[in-house]
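# Report on the structure
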Amino acid sequence: MKICQLCAVDFTLYHFLLPLMRAQRDAGHEVVGACARGAWAAKIEAEGFRVVDVPVRRSQNPLALWRAYRALRGFFAREGFDMVHAHTPVAALAGRPAAKAAGVARVVYTAHGFYFHENMPAPKRALHVALEWFGGRFTDVLMTQAEEDAATARALGLCKGGVVEAIGNGSDPARFRPPAPGEDTRARLREAIGTAADTPVFAMIGRLVAEKGYPELLRAMRRAPGAELWVVGERLASDHAESIAADIAAVEADPDLARRIRFLGYRADVPDLLRAADAFVLPSHREGMPRSIIEAMLTGLPVVATDIRGSREEVVSGETGLLVPVRDEHALGAAIAALAGDPALRARMGQAGLARARLLYDERRVVERQMRLLGLAS
């Protein structure tokens, strides 16, 4: 088959879709990536995939969506794809009707987390549910990562084709693993960053936008005076989400927080950083099924997360970590302080999370599940 993997930006294609693309190619299919080209496209092409630049922008401006629809319809028709597999909300909204209009036989959508969620104002939520329902009229197979999203999709009729399955999420246990005996990663990285060997370190990985929970997290660190926070991530050029520039400025103006909160930017050594940390925190306002939590659990770290879909499926509160209410800096600070002050609790929860992640969140099994569901296995 000739398959198009469609998303908004090449960052998504490189960081999240490559394992599936490799599996499809290994099974004998031709796989083409389509997205707005950026710095990551060359890395994907270096693996032998063709990446086509398409005018999909992370914006729901009707004119921009119409332009994306027209361009994608022509592209799909010229290429003669057998399957178009869409990811990310805007690319899927324009791409699914475009694929059907171009005569593509099978249109697939993976919702990596619906944009609407239970904490969203009702009118805004209704609008985004309606947009997903519209896109579902052009969808043969809808895959979600979280079981909760799959149940919601079935209840709301978000897939006309009727095939709705939760595929889970995963990462590579060979890359994300606990430190090996005698490994010097922890000491080496802590020395490079300037963190003492005995300081409890909480790692946070995510784009520098407010919906990831940074405003609450940065304030919550005042309630855990003995702990340090390593923030890994940057704001993407395509991001329209609320900025945290003012929150970062507030940290920089506070001598205590400025000493204990390290903004490390984009890092290619995330597995090593996790091995050098003591716990992981992700206080997002919404998620699909966050891979960063899985990676932390595979490394043997306990997790503090918000009680939202996806995260609450991964984290067993009181067993593998702690769940706190959304936007509650007091509860978040208390959870961080509790883990910071109890090494035995961290160790016990980290081991429980490691066992759970190895059982449920191996990336290879998630890819195999998709290949079987789509009938693409060799």
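Conventions and cut-offs
Residues numbered from 1 in each chain as written. Predicted model: local features only at pLDDT ≥ 70, side-chain atom pairs only at ≥ 80, totals over all residues. Heavy atoms only, no water. Pairing = 2+ DSSP bridges. Helix = DSSP H or I, 4+ residues; strand = E, 2+ residues; numbered from the N terminus. Axes fitted to C-alpha atoms, helices over the stretch in contact; angles between N-to-C directions. Contact = heavy atoms within 4.5 Å. Buried < 20%, exposed > 50% of the residue type's maximum accessible area, 1.4 Å probe, protein only. Right-handed = clockwise from strand over helix to strand, strands pointing away. Phe/Tyr/Trp six-rings, centres within 6.5 Å; stacked < 30°, edge-to-face > 60°. Lys NZ or Arg CZ within 6 Å of the ring centre and 35° of its normal. 1 Å grid on protein atoms, 1.4 Å probe; cavity = no way out; pocket = protein on both sides within 12 Å on 5 of 7 lines; lining within 4 Å. Points joined across faces, edges and corners; volume = space filled by probe spheres on them. Nonpolar A, V, L, I, M, F, W, Y, C, P; charged D, E, K, R; others polar. Expected span 1.5 Å × (residues − 1). Arc of directions from axis to C-beta. Polar contact = N/O pair within 3.5 Å; in protein donor to acceptor, adjacent residues only side chain to side chain.

## Details of the sheet that holds strand β13 (residues 321-324)
The six strands lie next to each other as β10-β9-β8-β11-β12-β13, forming an open sheet whose pairing is parallel. Each of the sheet's edge strands pairs with one partner strand only, and the pair in question is β10 (261-265) and β13. Strand-to-strand twist of the sheet, defined as the mean angle between neighbouring strand axes without regard to direction, takes the value 20°. Pairing of strand β8 (residues 201-205) with strand β9 (residues 228-232) involves five bridges; the strand directions are parallel. Paired with A203 across the bridge in β9 is W230. The strands touched by helix α12 (residues 291-298) within the sheet are β8, β11 (279-282) and β12 (303-306), with β11 carrying the most contacts at an inclination of about 170°.

## Side note on the pairing of strand β1 (residues 2-9)
The element β1 is extensively covered by neighbouring structure, given that eight of its eight residues are classed as buried. As paired strands, β1 and strand β2 (residues 30-36) are joined by six bridges and run parallel to one another. Its bridge partner lying in β2, V9 is registered against A36. Following the chain from β1 across helix α1 (residues 10-26) to the adjacent parallel β2, one finds a crossover that is right-handed.

## As for the packing of aromatic side chains
Throughout the structure, instances matching the rule amount to nine aromatic pairs. Where F11 meets W40, the ring centres are 6.0 Å apart and the plane angle is 80°; that geometry is what we call edge-to-face. Residue F11 is found in helix α1, and its partner W40 is found in the loop between β2 and α2 (41-45); the two are separated by 29 residues along the sequence. Connected via pairs of aromatic rings, a cluster forms that spans F11, Y14, W40 and Y266. Over the ring of F49 we find R25, and its NZ or CZ is 4.1 Å from the ring centre.

## Topic: empty space enclosed by the protein
This structure, assessed with the given rule, holds two cavities of 30 Å³ or more. Size it by volume and the largest cavity reaches roughly 150 Å³. Lining the largest cavity are 17 residues, with F16, Q145, R291, V366 and Q370 sitting closest to its centre. Of the residues assigned to the lining of the largest cavity, the class counts are seven nonpolar, eight polar and two charged. Reported here for the second largest cavity is a volume of approximately 80 Å³. Lining the second largest cavity, in full, are Q60, P89, L93, R96, Y115, H128, L131 and E132. Put simply, the parts of the chain that give the lining of the second largest cavity at least two residues each are α4 (89-101) and α5 (122-136). In terms of residue class, the lining of the second largest cavity is made up of four nonpolar, two polar and two charged.

## Some points on the environment of A94
With respect to the element layout, A94 can be found in helix α4. Classification of A94 as buried rests on a relative accessible area of 4%. For the pair A94 and A64, spaced 30 residues apart in sequence, the C-alpha separation works out to 9.5 Å. Once you skip the residues sitting within four places of it in the chain, A94 turns out to touch L65, A68, Y69 and L72.

## A few points about the environment of A296
Residue position: A296 is located in helix α12. C-alpha of A296 to C-alpha of R369: the two residues are 73 residues apart in sequence and 22 Å apart in space. When residues no more than four places from it in sequence are discounted, the contact partners of A296 are L274, F280, L301 and V303.

## Some thoughts on helix α14 (residues 329-340)
Residues spaced three or four apart along an α-helix face the same direction, because each turn holds 3.6 residues. Helix length check: α14 (12 residues) gives 16 Å between terminal C-alpha atoms against 16 Å at 1.5 Å per residue, within 8%. Of all the residues in α14, the buried ones are E329, L332, G333, A335, I336, L339 and A340. Summarising the axial view, the buried residues of α14 lie within an arc of 160°, below the 170-degree limit, and thus occupy one face. Tucked inside the fold, the buried residues of α14 contact β8, α8 (214-220), β11, β12, β13 and α15 (343-360). If you check the start of α14, you find a side-chain oxygen 3.2 Å away from the backbone N of H330, and it comes from D328.

## Section: helix α6 (residues 147-156)
Of all the positions in α6, only D149, A150 and A153 are classed as buried. Along the axis of α6, the buried positions cluster into a sector of 100°, meaning they face one direction only. Against the buried residues of α6 lie β6 (141-144) and β7 (163-166). Phi turns positive, to about 65°, at G157, one or two residues after α6.

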